[in-house]
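# Inside the fold
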Amino acid sequence: MKDSFAKVRTCPENPIWEQCIKRENSLYNRGNDIRSEFERDYTRLLHCESYRRLKHKTQVFYAPHNDHICTRMEHVNHVESVATTTAKYLGLNTELASAIALGHDIGHAPFGHTGESILNSLMVQKEGKNAPKKFWHERNSLFFADYIDTLSDPNGFERNLNLTYAVRDGLICHCGEIDQHSLKPREEAMNLYDIKRPGLTNPFTWEGCVVKISDKIAFLGRDIEDARTYHILDMGAYRQLREIVASTLGFYDGRDASGKKNSETAAHRSGRAVNTTVLINDMIVDLCENSSPEKGLCFSEPYFKYITELKRFSFANIYNNWRLLEFQKYAEVVLGTIYRTLMKTRIYAQNHRLEQTLQYTPKLLKTFVDWVIRYANYDSGRKEIMRCQTQEVFNINEEESFEKCVIEYISGMTDQFAISVFEEIVSF
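So, here is what we can say about the structure in this document. This one's a predicted model, so the numbers in the text were calculated from it and none came from an experiment. (Residues numbered from 1 in each chain as written. Predicted model: local features only at pLDDT ≥ 70, side-chain atom pairs only at ≥ 80, totals over all residues. Heavy atoms only, no water.)

## Description of helix α7 (residues 137-148)
Compared with an ideal rise of 1.5 Å per residue, which puts 12 residues at 16 Å, α7 spans 14 Å between its outermost C-alpha atoms and falls more than 12% short. Here α7 lies mainly inside the structure; 10 of its 12 residues are buried. Taken together, the buried positions of α7 are His-137, Glu-138, Asn-140, Ser-141, Leu-142, Phe-143, Phe-144, Ala-145, Asp-146 and Ile-148. (Helix = DSSP H or I, 4+ residues; strand = E, 2+ residues; numbered from the N terminus. Expected span 1.5 Å × (residues − 1). Buried < 20%, exposed > 50% of the residue type's maximum accessible area, 1.4 Å probe, protein only.)

Written as structure tokens, this is what we have:
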């Protein structure tokens, strides 16, 4: 029901308010700011470099040349739209939902979830297949927001974003399956870096929970639409989609579950499974109509089954399509080559002579050296010139820390930049 969550929205009247707006430090004080705390977070994320790079990062289809294929930035915008619409109807804090949604994927690697898996495998290669996951994009989004992304203060010094607790919490808790009948926020605040596994910790706010569900709503229809554009789906797949509609929502090409022709169904509901905007609208409406603070955020039984079947369909027919699997092999070569190349530079970094290596890869050399100067204990005399007042995050004298320095640098790359750097390395 409309405004049914108004009493639990994140606002000054809510007991968790002070924790939600808590910041670790002060980025800077303009003295003339008219924005709310969460609006400030929204614009900080909007202006940070990690958000800008999302326009050239994979959503599902790698390094697309087609301007109309969904990239990671467009996905983020879809999530923000879904989350804001849902939060507004339910009476929740739309500013908080928007800020979390805008920043939730800033830690994504190039090549989407494939890149994420590759970077993780590179980090745990010495520990075996059963090693705990070391690189996961939700944690990386929090890490980039806390330690990597910066904005210039009024004096021109680069400082970290210093987001509120509620937004930071939403970043690391945004992912995870919704194969459950309801979603509610956890009751206690916690050190967010104590979260060791992805997808298992619920957000601290209802708005964070809305973003978590919106993330799933946003990609289902759009991934199917893009698969159609790339001719990934055959006629058999389209028949499966129609059967999913028939078996879960009870209608099929204008006929209800009993097979009876229904004009309203035919006019408004045929093709629903592959129409992105209609699919998103229907899922939002169903979510809003079936949720309450008592029950939690939840879908009706038919729509819950519908979403589950659509996800199963997408994995079988899109994400595991042979063309995408072939590109994954290429992505492994690209990211693995960059990783191994940079790991060879450690001895030069320890001796503060990075500028003397990688001369054959000028693009890689310049950006990696700048990265190490900004974020590691690398003495080149340039940190002050760069006016960067960020913390020293990496220790180049420790192998594991240097490896993390390399991995995080790679994770910030766009698809095309990673490919261009790879071509630099292998070209003679």
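## Some points on the environment of His-137
Along the chain, His-137 turns up in helix α7. Residue His-137 is classed as buried on the basis of its relative accessible area of 2%. Sequence-wise, His-137 and Asn-120 are 17 residues apart; in three dimensions their C-alpha atoms are separated by 10.0 Å. Here His-137 is in contact with Asp-105, Gly-107, His-108, His-113, Glu-116, His-174 and Cys-175, once residues within four sequence places are set aside. Within the structure, the side chain of His-137 is placed 3.1 Å from the side chain of His-174, a separation counted as a polar contact. (Contact = heavy atoms within 4.5 Å. Polar contact = N/O pair within 3.5 Å; in protein donor to acceptor, adjacent residues only side chain to side chain.)

## Concerning unusual backbone geometry
Where the residue is not glycine, phi is negative for most of them; where a peptide bond is considered, it is trans in most cases. The backbone of Asp-3 shows a phi angle near 60°, a positive value even though the residue is not glycine. Relative to the helices and strands, Asp-3 is located in the segment before α1 (17-20). What makes Asp-3 partly exposed here is its relative accessible area of 41%. Non-glycine residue Asn-162 carries a positive phi angle of around 55°. Tracing the chain through its elements places Asn-162 in the loop between β2 (158-160) and α8 (165-172).

## Some remarks on the packing of aromatic side chains
On inspection of all chains with the given rule, the structure shows 21 aromatic pairs. Geometrically, the ring pair formed by Phe-5 and Trp-206 is edge-to-face, given 5.0 Å between the ring centres and 75° between the ring planes. Residue Phe-5 is found in the segment before α1, and its partner Trp-206 is found in helix α9 (residues 206-229); the two are separated by 201 residues along the sequence. Both residues of the pair, Phe-5 and Trp-206, count as buried. Chaining the aromatic ring pairs together yields one cluster made of Phe-143, Phe-144, Tyr-147, Tyr-193, Phe-368, Trp-371, Tyr-375, Phe-394, Phe-402 and Tyr-409. A cation over an aromatic ring shows up here: Lys-404 above the ring of Phe-143, its NZ or CZ 4.6 Å from the ring centre. (Phe/Tyr/Trp six-rings, centres within 6.5 Å; stacked < 30°, edge-to-face > 60°. Lys NZ or Arg CZ within 6 Å of the ring centre and 35° of its normal.)

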